[in-house]
Amino acid sequence: DELLALPAYDGSIESEKAFIDALQEELIFHYEHNDMYRQFCERKSFNPHTEIKSLDDIPPVSVSVFKDLGFKLGSVPKDELSLTLQSSATSGVPSTVVLDKVTSKRQAKAMVKVISAFIGNERKPFLIMDIDPRSADRRLLGARFAAVTGYLKFASKTGYFLKAKDGVSYCDVEGIQTFVNELPKDQPVVVFGFTYILYQNVLKTIQQTGIKIQLPKGSKIIHIGGWKKLESEKVEKNVFNRQLADAFGIEPTDVIDIYGFTEQMGLNYPDCPCGCKHTSSYVKVLARDVVTRKVLPAGKEGMMEFITPIPHSYPGNAVLTDDMGIIESEPCPYGRSGQRFRITGRMKKAEVR
């Protein structure tokens, strides 16, 4: 609670202490209440009751564990579990995490603080580039529904602009124009959608029709869901940002890609104008060697591990992903605190997320 009361990007000594204290508290809780996690720690010769001198010493749990054992990884009584989340795996077995009210509340609070640091605290009109969940075509929304609804807490008004005809999705460009024109000229808006939908359905349609949309000054475009589906199109991120910004009349730095993953839901990593993502006050990141699993210095590409005290209902506090990345050593030129990192791709032979 003390940690989550701090600003999303604090960087103070008090923040560092609160993070370690909260992390140790959670690791001890899982060690005492989860037999599988306790056995895992004992095999790794790790005792969370001893002082945490280095984050390197905490044994990370691989994402594959949440595919194999996710339903069984609860650290709280079953009657306290209120929700089960699964990743939208496009092949193979999805990751599963079990949530209680404590974890859900923490996730929501962390998400609000981080996203607000990028789009402001005031609610704004949201133009959602997806199917309206209230429409007859809701089935086409599928697993995207949970992600879309998670961002609605930031919206003062919403419009949905991915329509469907005979089961085929298309972008309603005229609807976007009408929605924007009916707003006050000085009212910033947020365009929200999945990366591949923004590219395949929205950007291509706008380019083909030649319609120019002018969003009010201060507007942002937020996209989630990763780049895997665009790899076959050989889409460069900087080109994508520039084309999307041109289509909506904003700056490329106002196009924000958000990284995150199911095993630590609620922790979001938006693009900073500096070109990197930052860890918030509620998380730390390490890069580990693919073969030895040793922690790598800044500037070296490795498997990304994220450490946080947020999960309470399952031991997802130190998770080793199969995403590759690089941690930067230089401070942010825009003054944002937190570790700066870039996701460079997926580990070879890793399952498509």
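Residues numbered from 1 in each chain as written. Predicted model: local features only at pLDDT ≥ 70, side-chain atom pairs only at ≥ 80, totals over all residues. Heavy atoms only, no water.

Caption draft 1: Geometry of the packing of aromatic side chains. Counting across every chain of the model gives 15 aromatic pairs. The structure contains a cluster of three or more aromatic residues connected by ring pairs, namely Tyr 259, Phe 261, Tyr 269, Phe 306 and Phe 341. In this structure, Arg 336 is placed above the aromatic ring of Tyr 9, and the distance from its NZ or CZ to the ring centre is 5.3 Å. Over the ring of Phe 118 we find Arg 336, and its NZ or CZ is 4.1 Å from the ring centre. (Phe/Tyr/Trp six-rings, centres within 6.5 Å; stacked < 30°, edge-to-face > 60°. Lys NZ or Arg CZ within 6 Å of the ring centre and 35° of its normal.)

Caption draft 2: Quick peek at the sheet that holds strand S10 (residues 255-259). A sheet is described by the order of its strands in space; here six strands give the open sequence S5-S4-S8-S9-S10-S11, paired in mixed fashion. This sheet does not close on itself; its edge strands, each paired only once, are strand S5 (155-160) and strand S11 (269-270). Relative to strand S9 (residues 220-224), strand S8 (residues 190-194) runs parallel, the two being bridged by five bridges. Bridging from a neighbouring strand, Gly 193 pairs with His 223 of S9. Most of the contacts of helix H6 (residues 173-181) go to strand S4 (residues 124-128), to which it runs at about 175°, and overall it touches S4 and S5. (Pairing = 2+ DSSP bridges. Helix = DSSP H or I, 4+ residues; strand = E, 2+ residues; numbered from the N terminus. Contact = heavy atoms within 4.5 Å. Axes fitted to C-alpha atoms, helices over the stretch in contact; angles between N-to-C directions.)

Caption draft 3: Main features of the nonpolar core. Ranked by internal contacts, the top residues of the largest apolar core, which has 68 residues, are Phe 126, Tyr 151, Tyr 282 and Phe 306. Phe 126 has contacts with Ile 119, Tyr 151, Phe 154, Ala 155, Lys 157, Thr 158, Gly 159, Phe 179, Val 190 and Phe 192, leaving out every residue within four places of it along the chain. Among the nonpolar cores identified, the runner-up in size contains 27 residues, and Phe 161, Cys 171, Ile 176 and Val 255 belong to it. (Core = buried A, V, L, I, M, F, W, Y, C linked by side-chain atoms within 4.5 Å. Buried < 20%, exposed > 50% of the residue type's maximum accessible area, 1.4 Å probe, protein only.)

Caption draft 4: Structural detail: the layout of surface pockets. The calculated volume of the second largest pocket comes to roughly 310 Å³. Looking at the lining of the second largest pocket element by element, the count peaks at six residues for helix H1 (residues 13-33). Of the residues that constitute the lining of the second largest pocket, the class distribution is six nonpolar, no polar and seven charged. (1 Å grid on protein atoms, 1.4 Å probe; cavity = no way out; pocket = protein on both sides within 12 Å on 5 of 7 lines; lining within 4 Å. Points joined across faces, edges and corners; volume = space filled by probe spheres on them. Nonpolar A, V, L, I, M, F, W, Y, C, P; charged D, E, K, R; others polar.)

Caption draft 5: Spatial organisation of the packing of H1 against helix H2 (residues 35-43). The geometry of H1 relative to H2 is characterised by a closest axis approach of 6 Å and an angle of 110° between their N-to-C directions. By the criterion of interaxial angle, the relationship of H1 to H2 is roughly perpendicular. Contacts between H1 and H2 involve Leu 27, His 30, Tyr 31, Glu 32 and His 33 from the former and Asp 35, Tyr 37, Arg 38, Cys 41 and Glu 42 from the latter. Along the lines of polarity and charge, the residues of the contact of H1 with H2 split into four nonpolar, two polar and four charged. (Parallel < 35°, antiparallel > 145°, perpendicular 65-115°, else oblique.)

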